[in-house]
Amino acid sequence: MGFLKLSLKNIARNRTRNLITLTSILIAVGVLFSVVSYDRGFSRSLEREMRRTGVHVTVVPTGCPHEAATLLLHGGVVPDRLDRETVAGIKDHVGDRAEGYYPMLLAQAHDPRRERLDLVYGMPGDRMADIKPQWRLAAGAFPEDDETIIIGSNVADRDDLAVGDSIAYRTMAGVPADAGHGIPAAPESGMLEENLEGTSRNNNGDFLRTFEISGILRTTGTQDDDAVFVPLSVTRAILGDAEGITALGIRLEHPGAATRVIRDIERGFAGVQAVTADDLLETVAGVVQSARVLSFSMVILVAVVSGSGVLNSILMTVFERTREIGTMRSLGASRLDIFRLTMNEALVLTFIGGIAGILLATLGAPVIESFVRGFLPYVPEGRNIVFDPLIALGSLLFSMVIGVLAGLYPAWRASGITPIEAIRN
Amino acid sequence: MSVLIQTRNLEKVYHRGGEAVHALRGVELEFHKETFATIVGPSGSGKTTLLHIMGCLDRPSGGTVEIDGISLSEISGSEQDRIRRNMIGFVFQEFHLIPSLSVADNILLPLLFSRKKPEPGYLDHLMETVGIVHRKDHRPNQLSGGEMQRAAVARALINRPQVLLADEPSGNLDTDNSIRIFELLSSLKQEGITVIVVTHNMELARMADRQVHFRDGRLADEPGRC
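Residue positions are counted from 1 within each chain, in the order its sequence is given. For this description, chains carry letters from A and ligands carry numbers from 1, given in the order in which they are written. Side-chain atom pairs in this predicted model are given and counted only at pLDDT of 80 or more, local residue features only at pLDDT of at least 70, and totals for whole chains, interfaces and linings cover all residues. Heavy atoms from the whole structure form the basis of all side-chain values; hydrogens and water molecules are not counted.

A. Here's a closer look at the overall build of chain A. Where helices and strands are cited, they refer to DSSP runs of H or I of at least four residues and of E of at least two residues respectively, numbered from the N terminus. Per the secondary structure count, chain A includes 14 helices and eleven strands. The cut-offs for exposure are 20% and 50% of the maximum accessible area for each residue type, with area from a 1.4 Å probe on protein chains only; residues under the lower value are buried, those over the upper are exposed, and the others partly exposed. Counting across all 425 residues of chain A, residues that qualify as buried make up 54%. Of the roughly 18,400 Å² that chain A leaves accessible, carbon and sulfur atoms contribute 58%. The protein chains shown are the only cover counted for residues, whose accessible areas, like all others here, come from Shrake-Rupley with a 1.4 Å probe.

Next comes the structure, spelled out in C-alpha cells:
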C-alpha cells in the first residue's frame, strides 16, 4: 500500500461530501475549459470568416466603428447612409484599383402576413455569393431577379417556409429600383409602379409586395440564419430611399493596396470611413473582449468557490480523523508524511474533478455553443469549441493549483497534530 | 542483560486551568532488554504518562529518558519520529485501527512510514502468531475486540521494534481475550523484544517478569524486580 492508495481510501470514506466537492471542481474547470476553448475557437473562426468575405474594404458613413463591423456581420441597421454623389466620387477615386463594388443596404421590414419584423439585407442579387463565399444553399438558388429572395435557415424553420413560398413586405411607392449609383447589380426593374404583379396598394399609398423565396441558406450558425437577403432594389423600395446605401464594399485587384485605398478615400471624402477586414476583426474582437473579461471573472469566482469547497472538505476530514492521524504519528509517520497524505487527498479530488470537467465541457460543447449564440451579437459559423490538448492541460493544471492552494492549510493543520493530542482526543 | 530504557529524575507537569498537576515526580527507572514488565497503579498515578514519554509520544518537563543510549530530551521531532518508526511498537487500549483499511493493510501501515517493503511471509507469520490469519482481508469493524487487539499487536510488531509499549491492552476485552493478549505479549520476549505494559489488572500484571507500582506520580514498592 502506498500513500496514494491510502489517500484514495480516505476519499472513498466520505463519498457524498467528496462528490459535492468534485462537482464544484468539475464546474470550475468545465467553465474555464469552455471559456478558453470558446475564446480561442471564436478568434480563429472570426478571423477565418472575415478573411473569407470577398470584400477587402468597406466604406460606411462616419460613426461608431462597431457599426461597420455590425454591418458586415449582420448585427443591426446603421441609420446613416452614403449618398449617390459620394459613392460615385469614391468609385472615381479608386478607379482601376477596384475589381468590383458591392453596395449594401440594410432595412427592417414587416411582413404583415407572417407578423414578423425581418432584418432585410440588400445587396446585388447576382453577387451575393461573392460577398459571402462561405454560404451554401440548403435548397433552391440565388435570386435571379428583384422578385426573388433567399432566406436564412432559422427564418425558414421558424415560419415553415420552403422554396417557392412567398414573403410580403410593405414598400414605398415611387422609388426607382436602380436609382442612384449606376451599379451593375442584379437585374433590377425600373419604377416599382411598373412592376405590380402580386402587389396591392394600401390606404397610405404603399404597396404590399410579395417576393418568392428562390433559395434557403444552409445553417451557418451566425446571424445570417435569422436574416432575409434580397436584391438591393427591394431594400430601397422598403426604405423609400432611391439613392442611399448603408455601405459600399470594394473588392480590390490587389488586396495589399487596401491601406492606401482607405487613406485616399478618407482624405478625399468627408463624413465617410473605410475599414478593412482586419479593422473589423479588431473591432469585433474589442466587443468580444468585454465578454471575455466577464467570463474570466466568472471563472475566478467559480474557482474561489470550488477551492473553498475543497478546503472545507479536507479540513473537515482532518478534524474528523484527528485520532487516526495521531495513531499514524505514533506508528512513525512524520509531519511530512501526514502533510503529503492530506495534500494528496486535495490533489486527487481536484485531478478527478478537473478531468471530469474537461470531459463534460468537451461533450457538452454543442449545448454551450448554442447557449452562447443566444447572448453574443455575433458568433462566427461552425464549431467554436474544439478540443485542444494544450487548453485541456492548462485547465487541468489550473485545477491542480486549486488543489494545492486549498490543500495547504488543512495539510499544515494535519501535520501539526501531535500523537499525544490525538490519543487524548 | 543490558539496560534498554533508563529514566533519570523524570518530571511531567500539566497545566490545567492555571493549576500545575504533577503527573510524574522524579521517576528513576531502568528496563532491561528482552523483559516483560508491567506498570500498575491507580488512575492518575502517572503510569500512562510515563509510557507516552518512553514512547516518544510526549516530552518530559524535566529529567531525562534514554532508549538504547539515545537521550530523548535532546533529539528533534523528526528524530523522535524515526525512533517511533524503527525502535518502538505501540498498542493502545482502544486498538486505533484505521477503519477504511483491511486488517492486513492496518498491520502493514507502519512499513509505509518507514519506507520498507514487507518481508516475504512475515505478515502471514505475524498473523498466525497472533491468531487472526483468517481475518486478513476483513475490515476492523468485522472483528471482535480480542481480534482487533491482536491485529494491533501485529501492527506494533511489523517493523521488528526493540520495545513494545502497551497501554491497557486488555482494558476493552473480556477475561479470556485479556489472558490471550497477555500470553501473546509475554511470548514476545522470546523474540528479543522488551515489552512494557500499563494495566489496572493486578492478576494479569503478575504474568510479567517485573511489576512497577506507581502512586501519585512516584514509584511505589516494586516487587519482583529483575
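Following the structure, the description resumes.
B. Region of the structure containing the packing of helix α1 (residues 3–13) of chain A against helix α3 (residues 103–114) of chain B. It is the contact of α1(A) with α3(B), at a shortest axis distance of 11 Å, that shows an interaxial angle of 130 degrees. Relative to α3(B), α1(A) is oriented oblique. Considering the relative orientation of α1(A) and α3(B), their crossing is left-handed. Here F3(A), K5(A), L6(A) and K9(A) of α1(A) lie close against α3(B), whose contacting residues are D105(B), L109(B), L112(B) and F113(B). Amino acids are sorted into nonpolar (Ala, Val, Leu, Ile, Met, Phe, Trp, Tyr, Cys and Pro), charged (Asp, Glu, Lys and Arg) and polar (every other residue, Gly among them). The residue inventory of the contact of α1(A) with α3(B), partitioned by class, reads five nonpolar, no polar and three charged. Axes, fitted as lines to C-alpha atoms, cover a helix only where it is in contact. Angles between the N-to-C directions of the axes lie from 0 to 180 degrees. Each angle gets one of four labels, with under 35 degrees taken as roughly parallel, over 145 as roughly antiparallel, 65 to 115 as roughly perpendicular, and the rest as oblique. A crossing counts as left-handed when the near helix is turned anticlockwise from the far one by less than a right angle, and as right-handed when that turn is clockwise. Only heavy atoms enter the contact rule, under which two residues are in contact if any of them lie within 4.5 Å.

C. Seen up close, the sheet that holds strand β5 (residues 70–71) of chain B. Residues and elements named next belong to chain B. The sheet built from four strands is open, its strands ordered β2-β1-β4-β5 with antiparallel pairing. Strands with a single pairing partner mark the edges of an open sheet, and in this sheet they are β2 (19–32) and β5. In this analysis, strands are considered paired if DSSP registers two or more bridges between them. When strand β1 (residues 3–16) meets strand β4 (residues 62–67), the two strands line up antiparallel, connected through five bridges. In the sheet register, I5 faces β4, and the bridge partner there is I67.

D. Quick peek at the pairing of strand β3 (residues 116–123) of chain A. All names here are of chain A. Most of β3 sits inside the fold, with six of its eight residues counted as buried. With seven bridges joining them, strand β2 (residues 98–111) and β3 adopt antiparallel strand pairing. Residue pairing for β3: A107 is matched across the bridge by V120. In sequence, β2 turns back onto β3 through a hairpin of four residues, with E115 there showing a positive phi of about 55 degrees. When β3 meets strand β9 (residues 227–231), the two strands line up parallel, connected through five bridges. Within the sheet, the bridge partner assigned to G122 lies in β9 and is V230.

E. Just the interface of chain B and chain A, in detail. With 23 residues of chain B in contact, the opposing surface of chain A contributes 25 residues. Here's the idea: put two parts together, see how much 1.4 Å probe accessible area each one loses, and the total over both is what we call buried area. Each partner contributes to the roughly 2,300 Å² buried at the junction of chain B and chain A, and carbon and sulfur atoms together form 62% of this total. For this analysis, a salt bridge means a side-chain nitrogen from Lys or Arg found within 4 Å of a carboxyl oxygen belonging to Asp or Glu. A salt bridge links R323(A) to E94(B); its shortest N-O distance comes to 2.7 Å. For this analysis, a polar contact is any N or O atom pair within 3.5 Å, provided that within protein one partner can donate a hydrogen and the other can accept it, and provided that sequence-adjacent residues contribute only side-chain to side-chain pairs. There are seven residue pairs in polar contact (both at pLDDT 80 or more) connecting chain B and chain A. Among the elements of the structure, α2 (77–86) and α3 of chain B are those that each provide at least two residues to the side of chain B that touches chain A. Among the elements that take part in the side of chain B that touches chain A, α3(B) stands out by supplying five residues, more than any other. A per-class count over the side of chain B that touches chain A returns eleven nonpolar, three polar and nine charged.

F. Spotlight on a nonpolar patch on the surface. The patches described consist of residues with a relative accessible area above 30% and no salt bridge, like charges being joined within 9 Å and nonpolar side chains (Val, Leu, Ile, Met, Phe, Trp, Tyr) within 5 Å. A contiguous nonpolar patch, built from F351(A), I352(A), I355(A) and L359(A) and spanning about 340 Å² of accessible area, is present on the exposed surface. Mapping F351(A) onto the fold places it in helix α11 (residues 335–363).

G. The arrangement of the environment of A270(A) in detail. Within the fold, A270(A) resides in the loop between α8 (258–268) and β11 (272–276). You can call A270(A) exposed: its relative accessible area is 79%.

H. The packing of aromatic side chains, seen in detail. Here a pair means two rings of Phe, Tyr or Trp (six-membered ring of Trp) with centres within 6.5 Å. Their orientation is stacked below 30 degrees between planes, edge-to-face above 60, and tilted elsewhere. With the rule as written, the count across this model stands at nine aromatic pairs over all chains. Pairing F3(A) with F113(B) gives two aromatic rings, centres 6.2 Å apart and planes at 65 degrees, and the pair type is edge-to-face. Of this pair, F3(A) sits in helix α1 while F113(B) sits in helix α3, each in a different chain. Exposure remark for F3(A): the relative accessible area of 5% places this residue in the buried category. Given a relative accessible area of 1%, F113(B) falls into the buried group. An angle of 50 degrees between the planes, with centres 5.5 Å apart, marks the rings of Y121(A) and F229(A) as tilted. Pair noted here: Y121(A) is in strand β3 and F229(A) is in strand β9, with a separation of 108 residues, a long-range link. Comparing Y121(A) with F229(A), the two get one shared label, buried. Each member of the aromatic cluster is reached from another via a ring pair, and the members are Y121(A), W135(A), F142(A) and F229(A). Here, over-ring charges are defined by two tests on the NZ atom of lysine or the CZ atom of arginine: distance to the ring centre within 6 Å, and angle to the ring normal within 35 degrees. Above the ring of F3(A), the side-chain terminus of R340(A) is found at 4.2 Å from the ring centroid.

I. Local environment of the pattern of salt bridges. Tallying each qualifying case throughout the model produces 27 salt bridges over all chains. Across the salt bridge formed by R209(A) and E147(A), the nearest N and O atoms sit 2.8 Å from each other. Pair noted here: R209(A) is in strand β8 (residues 207–217) and E147(A) is in the loop between β4 (137–140) and β5 (148–151), with a separation of 62 residues, a long-range link. E147(A) gets classed as buried once you look at its relative accessible area, which sits at 19%. Between D209(B) and K189(B) there is a salt bridge, with the nearest N and O atoms lying 2.7 Å from each other. Taken together, the positions of D209(B) in the loop between α7 (202–205) and β9 (210–215) and K189(B) in the loop between α6 (175–187) and β8 (194–199) put the pair 20 residues apart, joining distant regions of the chain. By relative accessible area, which is 29% here, D209(B) ends up partly exposed. Overlapping salt bridges bring together D111(A), R114(A), R116(A), D118(A) and D159(A) as one network.

J. Layout of the sheet that holds strand β10 (residues 218–219) of chain B. Residues and elements named next belong to chain B. Here we have six strands laid out as an open sheet, ordered β6-β7-β8-β3-β9-β10, and mixed in their pairing. For this open sheet the edge positions go to β6 (88–91) and β10, each flanked by a neighbour on one side alone. Where β6 meets strand β7 (residues 163–167), four bridges bridge the pair, whose relative direction is parallel. Residue pairing across strands places I88 opposite V163, the latter belonging to β7.

K. Just helix α7 (residues 232–239) of chain A, in detail. Residues and elements named next belong to chain A. Extensive coverage of α7 is indicated by the burial of seven of its eight residues. By the burial criterion, the buried members of α7 are L232, S233, V234, T235, R236, A237 and I238. Tucked into the core, α7 has its buried residues touching β2, β3, β6 (166–171), β8 and β9. At the C-terminal side of α7, G240 shows a positive phi close to 70 degrees.

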